[in-house]
Amino acid sequence: MRHFGHLTPDVRNDLFYREPQAFTAESPAATLAVALGATLYSPATRTTLAGDVIKQAGRGVVSMVLCLEDSIDDRDVVAAEANLVRQFGELAARIADGDPPLLFIRVRTPGQITDLAHRLGDSIRLLSGFVLPKFTEETGVPFLEALTDAEARCGRRLFAMPVLESPCLLHLESRNETLYGISRTVEKYRERVLALRLGVTDFCSAYGLRRAPDMTAYDVRIVASVIADVVNVLGRSDGTGFTITGPVWEYFKHAERMFKPLLRHSPFVPEAVDLRTSLIEHDMDGLLREIALDRTNGLQGKTCIHPSHVAPVHALNVVSHEEYSDAADILHEDRSGGGVLRSSYTNKMNEVKPHRAWAERTLRRAEVFGVAREEIGFVELLAACVPAS
């Protein structure tokens, strides 16, 4: 697998100063946690799941969650489990010589983990792990114990991605106790926890809220406060933290409409890229702002419920040439003692010791998402992934 691997080599060469590096499901956890990128969710009831996985992989998706929880009706769980087992078998037959995206199953109960691991048989080789809903210390331990048992039985590394979405994490009187309980639990099972996911829709539900398409999760103050506290306790850069992924964006338009016909656009804007820029900003402003705020607040990647979200998430994860230059300067071995230096772009101060953790995180992102050429920005990256219609 490789981010932007669905693009031709000559297109990648035009876009990247340093191309994204390849990785597999067996790569180190630290690499995979960053490489998750836009994690696309799909209901496990879909009878075309195997084909969907192959199709989305061909469009640049590198991680998917096949959901048995909130995305399906309670009455459909048994049928969805059976469908999931069938689809994994079909997928295993269709991609015998290749790598699928990183695949995870979102379960409802701990028992589903061990049951499905058994029922998947040989096709479990395609599974990277399980997503654990409504995760707290009390509910999380049984899930993680079941994961440990399933891993031992199948002889394959399986990761957990707990979802932090319970009301007790939102409510002020129980937040600290809940956070520290989660911290104790994931630390005990650290080698199995790939990333922590935020269930912002459930947070909003507890207060009857829903953000509008021109608002971000950070505009909902009560949600923003929880995100800040989760990062504070669980996202530290001192070696104790975990990768925390960005919340789901609920709104979408069909991908083919991302660059709409320009019949009504002003004739006084001459360049096609400028036309596209204005259309992107108009159609996707809320999503783009939220992705930028995710990174500013210490989150990586994003939960996605529509394929049209994947390209903008990945385009905004590419490290700019300026970011890469700053990070490389900060981490240069001759500067290990600290100090302050002017950036090579001559527009900012780089302070070696305080900016070191940022620089290390930036270079990890550069490894899997690549570094754009100096003249390449978000619009060019997105346009390469979603051709104008």
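Residues numbered from 1 in each chain as written. Predicted model: local features only at pLDDT ≥ 70, side-chain atom pairs only at ≥ 80, totals over all residues. Heavy atoms only, no water.

What about the overall build of the protein chain?
Move 1: The helix and strand inventory of the protein chain stands at 15 helices and 12 strands.
Move 2: Burial statistics for the protein chain: of 389 residues in total, 50% are counted as buried.
Move 3: For the protein chain, the computed accessible surface area is about 17,800 Å², with 51% contributed by carbon and sulfur atoms. (Helix = DSSP H or I, 4+ residues; strand = E, 2+ residues; numbered from the N terminus. Buried < 20%, exposed > 50% of the residue type's maximum accessible area, 1.4 Å probe, protein only. Areas by Shrake-Rupley, 256 points an atom, 1.4 Å probe, with all protein chains shown as cover.)

Overview of the nonpolar core
Move 1: By size, the foremost hydrophobic cluster in this structure holds 106 residues, and its most contacted members are Ile105 and Leu234.
Move 2: The element that contributes the greatest number of residues to this core is helix H10 (residues 221–234), accounting for 7 residues.
Move 3: Excluding residues that lie within four positions of it along the chain, Leu234 makes contacts with Leu164, Leu179, Ile182, Ser183, Val186, Leu196, Gly241, Phe242 and Ile244. (Core = buried A, V, L, I, M, F, W, Y, C linked by side-chain atoms within 4.5 Å. Contact = heavy atoms within 4.5 Å.)

Some points on a negative patch on the surface
Move 1: Residues Asp10, Asp14, Glu374 and Glu375 make up a contiguous surface patch of negative charge.
Move 2: With respect to the secondary-structure elements, Glu374 resides in the loop between strand E12 (371–372) and helix H15 (378–385).
Move 3: Take Glu374: its relative accessible area is 56%, and that puts it in the exposed class. (Patch = residues over 30% accessible without salt bridge, like charges linked within 9 Å, V, L, I, M, F, W, Y side chains within 5 Å. Salt bridge = Lys/Arg side-chain N within 4 Å of Asp/Glu carboxyl O. Lys, Arg positive; Asp, Glu negative; His and termini not counted. Charge placed at Lys NZ, Arg CZ, Asp CG, Glu CD.)

Side note on the packing of aromatic side chains
Move 1: Within the structure shown, the criterion is met by 3 aromatic pairs.
Move 2: Ring centres of Trp249 and Tyr251 lie 6.0 Å apart, and the angle between their planes is 65°; this geometry places the pair in the edge-to-face category.
Move 3: A relative accessible area of 5% places Trp249 in the buried class.
Move 4: For Tyr251, a relative accessible area of 26% gives the class partly exposed.
Move 5: Its end group placed over the ring of Phe242, Arg190 keeps NZ or CZ at 4.1 Å from the ring centre. (Phe/Tyr/Trp six-rings, centres within 6.5 Å; stacked < 30°, edge-to-face > 60°. Lys NZ or Arg CZ within 6 Å of the ring centre and 35° of its normal.)

Brief notes about helix H6 (residues 137–154)
Move 1: Taking 1.5 Å as the rise per residue, H6 with 18 residues should run 26 Å; its terminal C-alpha atoms sit 26 Å apart, in good agreement.
Move 2: By the burial criterion, the buried members of H6 are Gly140, Phe143, Leu144, Ala146, Leu147, Ala150 and Glu151. The arc that holds every buried residue of H6, seen down its axis, measures 160°, which confines them to one face. Opposite its buried face, H6 presents the exposed residues Glu138, Ala152 and Arg153, each directed more than 90 degrees away.
Move 3: With its phi angle positive at about 70°, Gly155 sits one or two positions after the end of H6. (Expected span 1.5 Å × (residues − 1). Arc of directions from axis to C-beta.)

Quick word on the sheet that holds strand E2 (residues 38–43)
Move 1: The parallel closed barrel is built from 8 strands, whose spatial order is E2-E3-E4-E5-E6-E7-E8-E9. Across the sheet, the mean angle separating the axes of adjacent strands is 25° when strand polarity is ignored. (Pairing = 2+ DSSP bridges. Axes fitted to C-alpha atoms, helices over the stretch in contact; angles between N-to-C directions.)

Brief notes about the packing of helix H4 (residues 77–94) against helix H5 (residues 110–119)
Move 1: For the pair H4 and H5, the least separation of the axes is 10 Å and the interaxial angle reads 35°. H5 is crossed by H4, and the crossing has right-handed handedness. Contacts between H4 and H5 involve Val77, Glu81, Ala82 and Val85 from the former and Gln112, Asp115, Leu116 and Arg119 from the latter.
Move 2: In the contact of H4 with H5, the residues fall into 4 nonpolar, 1 polar and 3 charged. (Left-handed = near helix turned anticlockwise from the far one by under 90°. Nonpolar A, V, L, I, M, F, W, Y, C, P; charged D, E, K, R; others polar.)

Considerations on the environment of Tyr189
Move 1: Position of Tyr189 among the secondary structure elements: in the loop between helix H8 (172–188) and strand E7 (196–198).
Move 2: Judged by relative accessible area, which is 9%, Tyr189 ranks as buried.
Move 3: Considered as a pair, Tyr189 and Ala160 are 29 residues apart in the sequence and their alpha carbons are 9.2 Å apart.
Move 4: Other than its neighbours up to four places away in sequence, Tyr189 contacts Val141, Leu144, Glu145 and Thr148.

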